[in-house]
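Fold and geometry: a report
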Amino acid sequence: MSITSTVTIFPYTPALKEHIKTLNLEWLTKFFKVEPKDEKVLSDPQGEIIDQGGFIFYAQYQNEIVGTASLLKMEEGVFELSKMAVTDAVQGLGIGKDLLQHCIDFAEKEGFSKLVLYSNRKLHSAIHLYRKYGFVEIELEDGVYERADIKMEKPLTQNAV
């Protein structure tokens, strides 16, 4: 079930910088470990994401920030969907879907050509969600994230399948 009508999604502000770190550390420590790259990005979201041409979004539910997702610029028109997290207390309410749809809609509106993401197959719900929203598996290069064992992309051009 989706609760879109009661979830507000809005862009990053420096006053809310700690939320991206708190939300992501919650799931990273639960399923994996915090990698140096994670620590660097999560400790300085302004410098590592926003100032590099990326975007961060937050989901608010019942006056609490409960989720986040980022679009990290990889190259012109290509962004990595990353640092997506929803706190355990509200999982299953459709907030992850709302964040994902918001990122896709934003990317299409901005004219991006493609979204890419890295994940791990043991995150069954996440992989299912990505497939449902049109992401397809592509070849995974080495060295991006230790935990990543799958790379997916979603073309956003008019001719995309």
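Residues numbered from 1 in each chain as written. Predicted model: local features only at pLDDT ≥ 70, side-chain atom pairs only at ≥ 80, totals over all residues. Heavy atoms only, no water.

By the naming in an unreviewed UniProt entry, the protein is GNAT family N-acetyltransferase, taken from Flavobacterium erciyesense.

**Section: the pattern of salt bridges**
Rules: What makes a salt bridge here is a side-chain nitrogen of Lys or Arg within 4 Å of a carboxyl oxygen of Asp or Glu, nothing more. Helical segments are the DSSP runs of H or I of at least four residues, strand segments are the runs of E of at least two, and each set is numbered from the N terminus. Using a 1.4 Å probe on the protein chains alone, a residue whose accessible area is under 20% of its type maximum counts as buried, one over 50% counts as exposed, and one in between counts as partly exposed.
Within this structure, the stated rule accounts for 13 salt bridges. As a salt-bridge pair, Arg147 and Asp38 come within 2.8 Å of each other at their nearest N and O atoms. Residue Arg147 is found in the loop between strand 6 (136-138) and strand 7 (150-155), and its partner Asp38 is found in helix 2 (residues 36-43); the two are separated by 109 residues along the sequence. Residue Asp38 is classed as buried on the basis of its relative accessible area, which comes to 0%.

**As for the nonpolar core**
Here is the rule we go by: Residues grouped as a nonpolar core are buried Ala, Val, Leu, Ile, Met, Phe, Trp, Tyr and Cys residues, joined through side-chain atoms within 4.5 Å. Residue contacts follow a heavy-atom distance rule, with two residues in contact if any of their heavy atoms lie within 4.5 Å.
Judged by nonpolar contacts, the single largest core of 49 residues is most densely connected at Leu71, Leu81, Ile95, Leu100, Tyr130 and Phe135. Sort the elements by how many residues they give to this core and helix 4 (residues 95-110) lands first, with 7 residues. If we ignore the near neighbours within four places in the chain, the residues touching Leu71 are Ile49, Gly54, Phe55, Phe57, Phe79, Glu80, Leu81, Cys103, Phe106, Phe112 and Leu115. Val116, Tyr118, Tyr145 and Ala148 belong to the second-largest nonpolar core, a separate cluster that totals 6 residues.

**So, the sheet that holds strand 6**
Short version of the rule: Any two strands between which DSSP finds at least two bridges are classified as paired. Note on method: axes are straight lines fitted to C-alpha atoms, helices fitted across the in-contact stretch only, with angles between N-to-C directions ranging 0 to 180 degrees.
One open sheet holds the 7 strands; their spatial order is 1-2-3-4-5-7-6, and the pairing between them is mixed. In this open sheet, the two strands that pair with only one neighbour each are strand 1 (7-11) and strand 6. Strand-to-strand twist in this sheet, taken as the mean axis angle between neighbours without regard to direction, amounts to 30 degrees. As judged from the 6 bridges shared by strand 5 (residues 114-119) and strand 7, these two strands associate in the antiparallel manner. Looking at strand 7, one finds that Lys114 is bridged to Pro155. Across the sheet, helix 1 (residues 17-31) touches strand 2 (55-61), strand 3 (64-75) and strand 4 (78-86), and the angle it forms with strand 3 is around 95 degrees. The sheet strands contacting helix 5 (residues 124-132) are strand 4, strand 5, strand 6 and strand 7, and the helix crosses strand 7 at an angle near 25 degrees.

**Details of the side chain of Glu80**
Using the following cut-off: We count Lys and Arg on the positive side and Asp and Glu on the negative side, and we leave His and both chain ends out.
As for its position among the elements, Glu80 is in strand 4. Buried and without a salt bridge, Glu80 has Lys37 as its closest oppositely charged side chain, separated by 4.9 Å.

**Re the packing of aromatic side chains**
Inclusion rule: The aromatic pairing rule takes the rings of Phe, Tyr and Trp, using the six-membered ring of Trp, and pairs them if the centres are within 6.5 Å, calling planes under 30 degrees apart stacked, those over 60 edge-to-face and the rest tilted. Both a distance and an angle decide whether a charge sits over a ring: NZ of Lys or CZ of Arg must be within 6 Å of the ring centre and within 35 degrees of the ring normal.
Under the defined criterion, the tally for this structure stands at 12 aromatic pairs. Plain terms: the ring middles of Phe55 and Phe112 are 6.2 Å apart, the flat faces sit at 35 degrees to each other, and that makes the pair tilted. Taken together, the residues span a long stretch of sequence, with Phe55 in strand 2 and Phe112 in the loop between helix 4 and strand 5 at a distance of 57 residues. When its relative accessible area of 25% is taken as the criterion, Phe55 is described as partly exposed. Between Phe57 and Phe106, the ring centres sit 5.0 Å apart and the planes meet at 65 degrees, which makes this aromatic pair edge-to-face. One end of the pair, Phe57, is in strand 2; the other, Phe106, is in helix 4, with 49 residues separating them in the sequence. There is no split in this pair, since Phe57 and Phe106 are both buried. For the cation-ring pair, Lys37 lies above Tyr145, with the distance from its terminal atom to the ring centre recorded as 4.6 Å. Looking at Lys122, its charged tip hangs above the ring of Phe32, at a distance of 4.8 Å from the centre.

**Description of the UniProt feature "domain: N-acetyltransferase" (unreviewed entry) in the protein**
Heads up, the condition is: UniProt positions are given in the numbering used here, feature names are shortened, and annotations may be inferred rather than shown by experiment.
According to UniProt, the feature "domain: N-acetyltransferase" (unreviewed entry) maps to residues 7-157 in the numbering used here. Secondary structure over residues 7-157 splits into 34% helix and 32% strand, and the C-alpha atoms at its two ends are 28 Å apart.

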